[in-house]
Amino acid sequence: LKIPGSSGHPAPRLRPGLIGSGLSQGGAMSAPQRDLEARGQADEASGPADLEAGTVAPVAGEACAEAASGQQPPPAGAGEASADAGAAARKKAPLPVRVLCNLLCFILKLVVIIIVICVGIICLPFVCCCCFMYYRSQGRIVVLDGTKPPSLDDEAKDRINTSKNGTFAPRVEEFRNSASRTLTRTLSKYAGNRPSGNGIESSISAPLNSVTPWECSMKREYLKQARVKACEDASQSIPGHLIITLERERALQQTLACIGPARSIDLIAKGLKINFKDEAAVDAGGVTRDWFDSLGRSLMAEAERGDGHLMVLPDKTLAPRPYDERFSDLYAVGRLIGLAVWFGIPLPIPLGSVTCKFLLDEPISPVDLQRLDPDFVQFRVKPVLRPGGVGDLEEALGEPLTFMSAATELRAPKELCPGGEEKQVTEENKHEYLKLLCEHHLCGDMREQIKVLLDGFWDIFPKDLLTCSGITHRELALLISGYPSLDPEEWRRNTQVNSSDCGELMSWFWDMVTEMSTEDRAKLLHFATGSSRLPVSGFSGISPKFNISVEGDDIDHLPHAHTCGNQLVMPRYISKELLVEKMQVAISNDEGFGFA
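Definitions and limits used
- Residues numbered from 1 in each chain as written.
- Predicted model: local features only at pLDDT ≥ 70, side-chain atom pairs only at ≥ 80, totals over all residues.
- Heavy atoms only, no water.
- Helix = DSSP H or I, 4+ residues; strand = E, 2+ residues; numbered from the N terminus.
- Buried < 20%, exposed > 50% of the residue type's maximum accessible area, 1.4 Å probe, protein only.
- Areas by Shrake-Rupley, 256 points an atom, 1.4 Å probe, with all protein chains shown as cover.
- Expected span 1.5 Å × (residues − 1).
- Contact = heavy atoms within 4.5 Å.
- Pairing = 2+ DSSP bridges.
- Axes fitted to C-alpha atoms, helices over the stretch in contact; angles between N-to-C directions.
- Polar contact = N/O pair within 3.5 Å; in protein donor to acceptor, adjacent residues only side chain to side chain.
- Parallel < 35°, antiparallel > 145°, perpendicular 65-115°, else oblique.
- Left-handed = near helix turned anticlockwise from the far one by under 90°.
- Nonpolar A, V, L, I, M, F, W, Y, C, P; charged D, E, K, R; others polar.
- Core = buried A, V, L, I, M, F, W, Y, C linked by side-chain atoms within 4.5 Å.
- Patch = residues over 30% accessible without salt bridge, like charges linked within 9 Å, V, L, I, M, F, W, Y side chains within 5 Å.
- Salt bridge = Lys/Arg side-chain N within 4 Å of Asp/Glu carboxyl O.
- Lys, Arg positive; Asp, Glu negative; His and termini not counted.
- Charge placed at Lys NZ, Arg CZ, Asp CG, Glu CD.
- 1 Å grid on protein atoms, 1.4 Å probe; cavity = no way out; pocket = protein on both sides within 12 Å on 5 of 7 lines; lining within 4 Å.
- Points joined across faces, edges and corners; volume = space filled by probe spheres on them.

Peer 1: Account for the overall build of the protein, naming residues and giving values.
Peer 2: Per the secondary structure count, the protein includes 23 helices and nine strands. The buried share of the protein, taken over its 596 residues, is 45%. Surface summary for the protein: the accessible area is close to 30900 Å², and the carbon and sulfur share equals 56%.

Here it is in structure tokens:
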């Protein structure tokens, strides 16, 4: 046993064989005692080495102690095992073993690196394929800055000049005697029911009850897919996004200035984003709808003032203005109409059946002419169609009827054909006269303007694709302008209320909507969604669904909206009168965006 001494040196080791054996008195030793004495001497001999190392095998010490106390003999070889263990612990691993271990570690690291490289090589084509598919799905990005619009290049100038100098002759169905009965029935149907109102209230003059929204949407998708396939066949890539930056105060002028010179392939992108300068809105759909809506209202307002690119026809629909020399802008207006169809967002300009048939290159019927200008048909067409009508009209006019156009306040009569001033109308050629007269009445002084507008639209959707789609003029009018009427009951059925305990407030809200004028309903729809017109499928086609949230009790705040989510947010007003007052203020001052 180790007993620490006061001097720092270990105390001397006692011989286990002498403990309690009486040898101190000189007695003889037995055989077991001699064995113990020999082992003690061996331990004593190895003691200095153990002491120098500072360690002792505990198992051997315990065995010797137990043997000395006489409990049991020490296990055989305990001292040898202790010495061997101490010696092995003190010895270092030989050099070949260390070299072998390092070599194995290096080989293991090398194997891991090779495995990683192999996995990377195997996965690299898959990763590249995924990146390529993602890139193709996103496509390239086209950026147009309306604040710095590009000038017309030679290609754009040639395109517009070719369109302007091209010939345009509308196809008008011949006016036979049977058409007189059709005109009479049509006149009685539409008498006293002419469209009226401003740009927002004006409705599409063509009847809409025969249009199926689902079929109309399917034809639009066919048009888009056919256009994309035509571009792929021509090795042209459709952009992933079209981004247009504008100033709100000059949105119409800057829009026409930047989309006119652009390539048509750059306009028909998969997505469209509008950025208004100095507005913090992030366009997730609401700003784009507001852009189309504001452009449509600007075009209508200019037409009503008499200084725009379009003019108001007798049926309150729009057509190109005669003698307007801004052909590049008219070309851009045609493209804008096509983009409204491409992106599926209404452009609120009223287009009649005549203009839509021009866009589809369809013949104009007597019914279309009757709808466009009932007075012209009543006083210039119907009298000639009657048996003996040429003579009766000549008697009323007091002069012979020749192949000259009808004079108006804005234009003097012109020859309908070479030598028309001398060519007299008879019962035999009166149908030819009526056909030429109606063609001139439709587009006599604006053939160039109509041709440029049509070519701009056909630049987005070529004529052959429109013909193959089977789309009708009524369906095209809805795809361009959307539904003009807003039914409060249908609106209510397709509205989601996100708040609870607001039944009375919702009742006041729908009473207010029912009592609103058509214009105020359109303003409310524009305030909440960014568009004053409905898509082809009506309120059910609004995506996301129109929804209302009631938040806060501060009745001094005005309602606000999240147009990208088609959400109207109102405080919990305490009376219907207060709701109506705050809503009128809100919808009357909804120009621009903070955050949308």
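Peer 1: Before we move on, can you summarise helix α21 (residues 503–515) with the specific residues and values?
Peer 2: Across its 13 residues, α21 extends 19 Å between first and last C-alpha, which sits within 8% of the 18 Å expected from 1.5 Å per residue. Every buried residue of α21 is listed here: Leu505, Met506, Trp508, Phe509, Trp510, Met512 and Val513. Buried positions along α21 lie against α20 (488–493), β6 (496–497), α22 (518–529), β7 (547–550), β9 (567–570) and α23 (576–587).

Peer 1: Quick rundown of the environment of glycine 338? Include the residues and the values.
Peer 2: With respect to the helices and strands, glycine 338 occurs in helix α11 (residues 327–343). In this structure glycine 338 comes out as buried when scored by relative accessible area, which is 0%. Separated by 123 residues in sequence, glycine 338 and phenylalanine 461 have C-alpha atoms that sit 6.8 Å apart. With near-sequence residues (within four places) excluded, glycine 338 lies in contact with Phe457, Ile460 and Phe461.

Peer 1: How would you sum up the sheet that holds β6? Please name residues and give values.
Peer 2: Pairing in this open sheet of four strands is mixed, and the strands run β6-β7-β9-β8 from one edge to the other. Both edges of this open sheet fall to β6 and β8 (560–562), since each of them pairs with a single strand only. Along the sheet, α21 makes contact with β6, β7 and β9, crossing β7 at roughly 135 degrees.

Peer 1: Give a description of the side chain of serine 481 that names residues and reports values.
Peer 2: Mapped onto the elements of the fold, serine 481 is located in helix α19 (residues 473–481). Residue serine 481 is classed as buried on the basis of its relative accessible area, which comes to 1%. A polar contact of 2.5 Å, which involves the side chain of serine 481, links it to the backbone oxygen of isoleucine 349.

Peer 1: With reference to specific residues and values, describe unusual backbone geometry.
Peer 2: With omega at -5 degrees, the peptide bond leading from serine 543 into proline 544 counts as cis. Although it is not a glycine, tyrosine 323 adopts a positive phi angle of roughly 65 degrees. For tyrosine 323, the location among the structural elements is in the loop between β5 (318–320) and α11. With phi around 55 degrees, asparagine 566 is a residue other than glycine that occupies positive phi space. Here asparagine 566 lies in the loop between β8 and β9. For asparagine 566, a relative accessible area of 1% gives the class buried.

Peer 1: Summarise the sheet that holds strand β2 (residues 241–246); cite the residues concerned and give the values.
Peer 2: Across the sheet, three strands lie side by side as β1-β2-β3; this open sheet has parallel pairing. Since the sheet does not close on itself, it has two edges, and those belong to β1 (141–145) and β3 (271–276), each with one partner. On average, each strand axis in the sheet is tilted by 15 degrees relative to the strand beside it, whichever way the strands run. One ladder, built from six bridges, connects β2 with β3; its direction is parallel.

Peer 1: With reference to specific residues and values, describe the packing of α21 against α23.
Peer 2: At a minimum axis distance of 10 Å, the contact between α21 and α23 shows a crossing angle of 55 degrees. The angle between α21 and α23 falls in the class oblique. Classified by chirality, the crossing of α23 by α21 is right-handed. Every residue of α23 that contacts α21 at Leu505, Trp508, Phe509, Asp511, Met512 and Glu515 is listed here: Lys576, Leu579, Val580 and Met583. Partitioning the contact of α21 with α23 into residue classes produces seven nonpolar, no polar and three charged.

Peer 1: Would you mind going over the nonpolar core in detail, with residue names and values included?
Peer 2: General note: in soluble globular proteins, nonpolar side chains tend to be found buried as a group. If you look at the biggest cluster of nonpolar residues, it comprises 98 residues, and the most contacted ones within it are Leu144, Ile244, Trp291, Phe292 and Ile337. No other element matches α11, which puts twelve residues into this core. Discounting residues that sit within four places of it in the chain, phenylalanine 292 has contacts with Leu272, Leu336, Leu339, Ala340, Phe343, Ile345, Pro346, Leu347 and Pro348. Phe546, Ile548, Val550 and Ala586 belong to the second largest nonpolar core, which has 33 residues in total.

Peer 1: Can you explain the pairing of β9? Please cite residues and give values.
Peer 2: A regular strand places its side chains on the two faces of the sheet in alternate fashion. Neither face of β9 is left uncovered, since the one carrying Gln567 and Val569 and the one carrying Leu568 and Met570 both have all their residues buried. The pairing of β7 with β9 spans four bridges and is parallel. Paired with valine 550 across the strands is methionine 570, a residue of β9. Bridge count for β8 against β9 is three bridges, and the pairing is antiparallel. Its bridge partner lying in β9, alanine 561 is registered against leucine 568. Counted along the chain from β8 to the antiparallel partner β9, the turn is four residues long, and its residue asparagine 566 has a positive phi close to 55 degrees.

Peer 1: So what's going on with a nonpolar patch on the surface? Which residues, and what values?
Peer 2: Among the surface-exposed residues, Leu100, Leu103, Leu104, Phe106, Ile107, Leu110, Val111, Ile114, Ile115 and Val119 lie close enough to one another that they form a single nonpolar patch of about 910 Å² accessible area. Note on placement: isoleucine 107 falls in helix α4 (residues 95–138).

Peer 1: Help me get a handle on a negative patch on the surface, residues and values and all.
Peer 2: Together, Asp153, Asp154, Glu155 and Asp158 make up a region of like negative charge exposed at the surface. The exposure class assigned to aspartate 153 is partly exposed, which follows from its relative accessible area of 37%.

Peer 1: Go over empty space enclosed by the protein with me, naming the residues and quoting the values.
Peer 2: Under the criterion given, the structure shown has two cavities of 30 Å³ or more. When its volume is computed, the largest cavity comes out at roughly 60 Å³. In terms of lining residues, the largest cavity is bounded by Leu310, Leu318, Ala319, Pro320, Val333, Ile337, Ile349, Leu351, Thr355, Leu359 and Leu453. Contributions of two or more residues to the lining of the largest cavity are made by β5, α11 and α12 (353–360). In terms of residue count, the dominant contributor to the lining of the largest cavity is β5 (three residues).

Note that every value here comes from positions in space, so none of it alone points to a role or purpose.
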